[in-house]
Amino acid sequence: MKPWRPGQRRPDPTSMLRVDQAGEYGATRIYAGQLAVLSPSSPAAKLVSRMASQEQRHLARFDALMAERRVRPTVLQPIWRVAGFALGAATALMSERAAMACTDAVETEIDRHYQDQLDELGEDDPELAADIAQFREEELEHRDAARAAGSERAVGYPVMTAAIRAGCRIAISLSKRV
Ligand SMILES: [Fe+2]
Ligand SMILES: [Fe+2]
């Protein structure tokens, strides 16, 4: 961990919490979209349900921290509600592997994002850092589960994941700001 020096940006836990809550909310919406399309008895749907319940737990934790710290959610929440669901439904309509590729792409960006936050926090805000560190582990498990379920064999995997990852980066940078 690098010590903070004058002129460097100080970590901003309020903005971090806002973007993280937005991300976890988006994740629940993606999985809701996928579950609306996937056949409930399919192995893919069972995996998605398991991951979705973890996202619910992540979201609930950030909701609680936001309430405690009086942090407002991003104003973009209604957009993430629709965009997340649409992304989930669209990928699941393509194929089960495409649905997995979506998780693979999203979790790859979230892993990077959470790691960046942990680096930025350093020794600051250990409460938030502990949650981020634990959730990051679980997001990596989601990514690995998606790969094990064949994400990389989805038709158009490189293009699709690149596009979804770019979308995630845009959503992250917007949710930090507003
Ligand atoms: Fe999550
Ligand atoms: Fe996840």
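For the structure, check the block above.
Here is what the cut-offs are and how they apply
Residues numbered from 1 in each chain as written. Chains lettered and ligands numbered in written order. Predicted model: local features only at pLDDT ≥ 70, side-chain atom pairs only at ≥ 80, totals over all residues. Heavy atoms only, no water. Axes fitted to C-alpha atoms, helices over the stretch in contact; angles between N-to-C directions. Helix = DSSP H or I, 4+ residues; strand = E, 2+ residues; numbered from the N terminus. Parallel < 35°, antiparallel > 145°, perpendicular 65-115°, else oblique. Contact = heavy atoms within 4.5 Å. Nonpolar A, V, L, I, M, F, W, Y, C, P; charged D, E, K, R; others polar. Disulfide = S-S within 2.5 Å. Donors = N, O, S within 2.8 Å, 3.2 Å for Na, K, Ca; no water. Buried < 20%, exposed > 50% of the residue type's maximum accessible area, 1.4 Å probe, protein only. Core = buried A, V, L, I, M, F, W, Y, C linked by side-chain atoms within 4.5 Å.

Undergrad: Before we go on, may I ask you to explain the packing of helix H3 (residues 77-94) against helix H6 (residues 157-177) in this structure?
TA: Helix-helix packing is described using two parameters, namely the angle between the two axes and the distance between the axes. Close contact between H3 and H6 brings their axes to 13 Å; oriented N to C, the two are set at 170°. In terms of their interaxial angle, H3 and H6 are classed as roughly antiparallel. Between H3, through Trp-80, Leu-87, Thr-91 and Met-94, and H6, the contact on the second element is made entirely by Met-160, Ile-164, Ala-171, Leu-174 and Ser-175. Of the residues belonging to the contact of H3 with H6, the class tally is 7 nonpolar, 2 polar and no charged.

Undergrad: Could you clarify how one ought to interpret the state of the cysteines in this entry?
TA: In protein chemistry, a disulfide is the covalent bond that joins the sulfur atoms of two cysteines. Applying the stated criterion to the full structure yields 0 disulfides. Cys-102 supplies the cysteine sulfur nearest to Cys-168, a cysteine that is in no disulfide, at a spacing of 7.6 Å.

Undergrad: How should the coordination of the iron ion (ligand 1) be read in this particular structure?
TA: Tetrahedral coordination by four donors puts the ideal angle at the metal at 109.5 degrees, and octahedral coordination by six puts it at 90 or 180 degrees. The iron ion (ligand 1) binds to the protein through Glu-24 (OE), Glu-24 (OE), Glu-55 (OE), His-58 (ND1) and Glu-139 (OE); the donor distances cover 1.9 to 2.7 Å. Each donor residue of the iron ion (ligand 1) lies on one chain, and together they are spaced E-x30-E-x2-H-x80-E. The iron ion (ligand 2) is placed at 3.8 Å from the iron ion (ligand 1), the two being bridged by Glu-55. Of the two residues, Glu-24 sits in helix H1 (residues 13-37) while Glu-139 sits in helix H5 (residues 126-148), which places them 115 residues apart along the sequence. Classification of Glu-139 as buried rests on a relative accessible area of 1%.

Undergrad: What is the right way to read the nonpolar core from this model?
TA: One broad trend across soluble globular proteins is that nonpolar side chains are buried collectively. Membership of the largest hydrophobic core comes to 25 residues, with the highest contact counts inside it found for Leu-17, Phe-62, Val-106, Leu-128, Ile-132 and Ile-164. Listing elements by their share of this core, those giving two or more residues are H1, helix H2 (43-69), helix H4 (96-121), H5 and H6. Here the element with the most residues in this core is H4; it accounts for 9 residues. Those residues in contact with Val-106 that sit more than four places away from it in its chain are Ile-30, Ile-164 and Cys-168. Tyr-31, Ala-44, Ala-92 and Ala-146 belong to the second-largest nonpolar core, a separate cluster that totals 12 residues.

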